[in-house]
Structures are given as C-alpha cells and as structure tokens.
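Letter by letter, the chains look like this.
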Amino acid sequence: MHDIVLLSTADWDNPFWTNKQHMAVNLAALGYRVLYIDSLGLRRPSLQAQDTSRMARRLRRGLRAPRKVRENIWVLSPLVLPWHQRTIIRRFNKIWLTLCIALARAYLGMKPDMLWTYNPLTLDLLDVRSFKHLVYHCVDDIKAQPGMPVETIGEAEPRLIAAADCVFCSAPKLAEYCSEFNARTYFFPNVADYDHFSKALAEDTVIPEDLARIHKPRIGFIGALSAYKVDFNLLRHLAIARPEWSIVLIGKIGEGDPWTDPSLLEGLKNLTVLGPRDYGMLPQYLKGIDVALLPNMINQYTAGMFPMKFFEYLAAGKPVVATDLPALRDYRDLVHIGVSPEDFMEKIEQALAEDGEQIRSRLEAAREHTYAKRLEKMMDIVEGL
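Per chain, the residues get numbers from 1 upward, laid out in the order the sequence is written. Since the coordinates come from a predicted model, pLDDT governs what is reported: local features require at least 70, and pairs of side-chain atoms require 80 or more to be given and counted, while whole-chain, interface and lining totals use all residues. Hydrogens and waters are ignored; side-chain quantities use all the structure's heavy atoms.

Turning to the pattern of salt bridges, a few remarks are in order. We define a salt bridge as a side-chain nitrogen of Lys or Arg found within 4 Å of a carboxyl oxygen belonging to Asp or Glu. In the structure shown here, the tally under the stated rule is 21 salt bridges. With a shortest N-O distance of 2.8 Å, Asp 210 and Arg 277 are connected by a salt bridge. A residue pair is termed long-range when its members are at least 10 positions apart, and Asp 210 in helix α8 (residues 209-212) and Arg 277 in the loop between β11 (271-273) and α10 (282-287) qualify at 67 residues. Here Asp 210 falls in the buried class, since its relative accessible area comes to 16%. Among the ionic pairs, Asp 290 bridges to Lys 216, the shortest N-O distance being 2.6 Å. Note that Asp 290 is positioned in the loop between α10 and β12 (291-294) and Lys 216 in the loop between α8 and β9 (218-222), a separation of 74 residues in sequence. Note on exposure labels: buried denotes an accessible area under 20% of the residue type's maximum, exposed denotes more than 50%, and partly exposed covers the range between, all computed with a 1.4 Å probe on protein chains only. With a relative accessible area of 23%, Asp 290 lands in the partly exposed category. In this structure, a network of salt bridges that share partners links the residues Asp 3, Arg 33, Lys 111, Asp 113 and Lys 132. Here a helix means four or more residues in a row that DSSP labels H or I, a strand means two or more in a row labelled E, and each is numbered from the N terminus.

This is how it looks when you write it as structure tokens:
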C-alpha cells in the first residue's frame with residue numbers, strides 16, 4: 001500500500017502541530033504518498049478573530065488543486081458547510097467531499113489504498129467504500145471539546161469504529177471505549193520527536209532572551225492555553241502561593257476554544273504568558289525551564305487525553321509535574337503527580353530538589369516513544385490486515 005488519504009481534524013499550516021501532521025510526515029518518510037485533508041471544522045464557528053481568519057483562508061484555498069507541502073505530502077483544503085449537526089448539511093457535505101477527494105486523487109494519480117481518519121464523523125462526511133482499508137486513529141474525545149455537535153458525534157463515532165479495519169487509540173480510556181465496538185483496537189500513547197527536543201540538552205543551545213531575563217526558578221508550561229484543557233485556577237494559585245517562583249506559559253490563549261477567558265492569568269507579577277513560539281524554538285525554551293508542567297483540568301476531555309508534551313518534556317530531560325491524568329498513572333516513575341493544589345506545589349518542590357540522576361531514565365523512556373518507532377508498530381498491524 002503506497003497511497004494514503006489522511007482525513008485530519010487540524011489544518012496542515014496550524015503552527016501548533018498535532019498527531020496528524022507528525023503522522024503525515026512520518027508516513028511520507030516511509031515512502032507512502034499522503035493526501036492530507038485539512039480540518040472540516042467540526043466545532044461550531046464563532047465570531048472570534050481566529051475563526052473568521054481561518055474561514056477567510058479556507059475560502060481562498062477551497063477550490064484550489066492539492067498543494068505539495070513536502071516530499072510525498074499534498075494538502076487539500078475542501079470547502080464544507082460547518083453545521084454538521086444537521087442531517088441535510090451532512091448529506092450535502094458527503095456528496096461534495098467525496099467528489100473533491102476523488103478529483104484530487106485523480107489529479108495526483110493516487111490509488112484508493114487507505115483512508116486514515118481522525119474525524120469521528122467520517123462515515124457521514126465521506127463515501128469510504130472505494131478505499132481498500134479504513135483506519136481510525138482516535139486521539140481525543142472530540143465530543144468533549146467546546147462547541148462540538150455532541151449528539152451527532154455520539155451516534156456516528158461507534159459506527160466508524162465498528163467499520164474500521166483497525167482502530168488506534170492514544171489513551172487507555174479511548175481504547176477501552178473503542179474496543180466495545182471493534183476487537184481490532186490497539187493502544188499507542190502519544191510520542192515525541194526525540195531528536196528535536198533533546199536539543200535542549202546541547203551545550204550550544206541558547207536560552208531565548210525573553211525567557212532568560214525572567215528570574216529562576218522557572219516553572220513552565222508549553223501548549224494550548226485553553227480553558228477546557230488547562231486549569232487556570234491552579235496556575236493562579238501557584239503564582240500567589242509561591243511568589244518566589246516564576247510561572248512561564250508558552251502557548252496561544254484560546255487555541256481550539258475561542259470562548260476561553262484568560263482573566264485568571266492576569267495581574268500576577270510572577271506569571272508571564274509569553275505567547276506562542278515556533279516549534280523549532282521550543283527546545284531552546286525548554287532548556288531555560290527548571291520544571292515542566294502539565295497543569296491539566298480533570299474532566300471528561302482530559303480523561304481521554306495523553307498529553308503530547310509529556311514525552312517532549314522527557315526528551316528535553318526536564319522533571320515533569322502533572323495533575324492526576326489517568327493516562328499518566330502508569331508512568332509514575334517518570335512524572336510527579338499532584339492530586340490537589342497543595343500536593344501539586346509539593347511535587348514541584350520535589351522536582352526542583354532533584355539532583356539530576358533522574359535524567360537518564362527520562363531520556364531512555366523518550367527514546368522508546370518516538371514517532372518512527374510507534375509508526376513502525378502501527379504499520380506492522382495495518383499491513384497484516
């Protein structure tokens with residue numbers, strides 16, 4: 001099998017890369033030709049700037065031919081109507097999207113070898129019968145995200161799981177759910193680009209000036225600053241209770257959740273929101289962070305989440321302090337888990353007191369959890385179908 005249509009839930013050019021872009025890159029590196037389909041906008045659109053600018057960009061690209069972005073990777077940005085909770089809209093989108101992808105495959109001379117999808121509404125949005133194989137990669141409990149058509153996804157996703165030739169899940173809870181509908185369900189946690197993030201340990205890696213001028217110890221988080229994912233109350237509590245610590249947040253406020261209210265992060269002298277930074281610079285920022293945080297909310301969404309940053313932090317050699325995420329409980333030897341705000345602070349103090357002997361085990365774990373190694377195991381399963 002050489003040609004893969006990858007139905008994503010993230011736009012290719014989103015600066016905050018997810019599983020989907022990394023998967024496309026690694027599939028292409030193995031010699032597969034990948035047609036990457038930009039997000040079809042499952043969440044209802046808002047009037048916030050991030051949504052309006054994305055819609056304008058999609059309108060400009062919507063009727064263009066697939067564009068080549070890397071060796072063996074082409075991106076298609078089809079126009080679809082966003083009101084997926086309405087049956088008539090899904091029917092129209094299915095006809096239109098099936099035609100768009102068929103024309104794109106014909107234009108590129110791609111065979112219908114495989115559809116690799118992240119979209120739980122796939123069967124309602126695309127005629128999959130022409131593909132030889134169907135793989136569902138379930139990396140989030142999407143219906144638990146803000147603004148999603150919950151009932152529509154709740155009805156459609158089990159049908160997709162049952163129809164898939166195999167299902168890959170990134171968190172134990174997701175694997176438990178999917179296995180109810182398909183015995184060919186496999187758990188593969190999120191992983192990291194070890195070679196990239198281990199640059200944080202290199203002597204010649206320079207800490208960026210905007211971080212270097214913030215006093216130590218620096219307690220940092222890198223990722224989307226969205227209220228349904230990150231516990232803003234916890235971060236505020238840390239900043240107030242430990243004024244001698246610098247809380248540094250690197251990421252975009254409201255990414256994936258335009259209704260996020262950042263007011264809890266404001267008015268604190270020792271809490272700094274640096275904003276988003278280029279992926280290529282993240283090892284430099286991690287070099288200057290003393291303790292890396294996963295301050296996630298405990299809710300329905302995070303119960304089915306395996307944070308991508310976990311192994312990225314480990315690859316950078318950093319001690320990690322996390323809230324009690326179910327997916328991380330099997331990694332207690334690699335992460336400090338705080339079950340309350342006070343316990344979370346205590347775990348940060350323990351992390352700050354580490355003598356450096358723990359770095360080796362963190363790096364060994366990160367080396368075993370790379371995109372290349374995970375994909376090799378996945379494709380062994382797929383090619384055995």
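Next, the rest of the story.
Quick look at the packing of helix α9 (residues 232-241) against helix α13 (residues 341-352) now. When two helices pack together, their arrangement is given by the angle between the helix axes and by the axis-to-axis distance. Only the contacting stretch of a helix is used when fitting its axis, a line to C-alpha atoms as for every element, and angles between N-to-C directions run 0 to 180 degrees. Packing of α9 against α13 leaves a shortest axis separation of 10 Å and a crossing angle of 60°. By the angle between their directions, the pair α9 and α13 is classed as oblique. Between α9 and α13 lies a crossing of right-handed hand. In contact with Leu 234, His 237, Leu 238 and Ala 241 of α9, α13 contributes Pro 341, Glu 342, Phe 344, Met 345 and Ile 348. Looking at the contact of α9 with α13 residue by residue, the classes come out as seven nonpolar, one polar and one charged. Orientation is classified from the angle alone, with under 35 degrees giving roughly parallel, over 145 giving roughly antiparallel, 65 to 115 giving roughly perpendicular, and any other angle giving oblique. Helix crossings get a hand from a simple test, with the near helix turned counterclockwise from the far one by less than a right angle marking a left-handed crossing and a clockwise turn marking a right-handed one. Contacts were defined at the residue level, with two residues in contact if any of their heavy atoms lie within 4.5 Å. Note on residue categories: nonpolar means Ala, Val, Leu, Ile, Met, Phe, Trp, Tyr, Cys or Pro, charged means Asp, Glu, Lys or Arg, and polar means any other residue, Gly included.

This part is about the pairing of strand β2 (residues 33-37). Counting buried residues in β2 gives four out of five residues, a clear majority hidden from the surface. With five bridges connecting them, strand β1 (residues 3-7) and β2 associate as parallel partners. Across the sheet, residue Leu 6 finds its bridge partner in β2, namely Tyr 36. For the handedness criterion, the β-α-β arrangement of β1, helix α1 (residues 19-29) and β2 is classed as right-handed. Two strands form a pair only when DSSP identifies at least two bridges running between them. We call a crossover right-handed when, viewed with both strands directed away from the observer, the connection leading from the first strand over the helix to the second proceeds clockwise.

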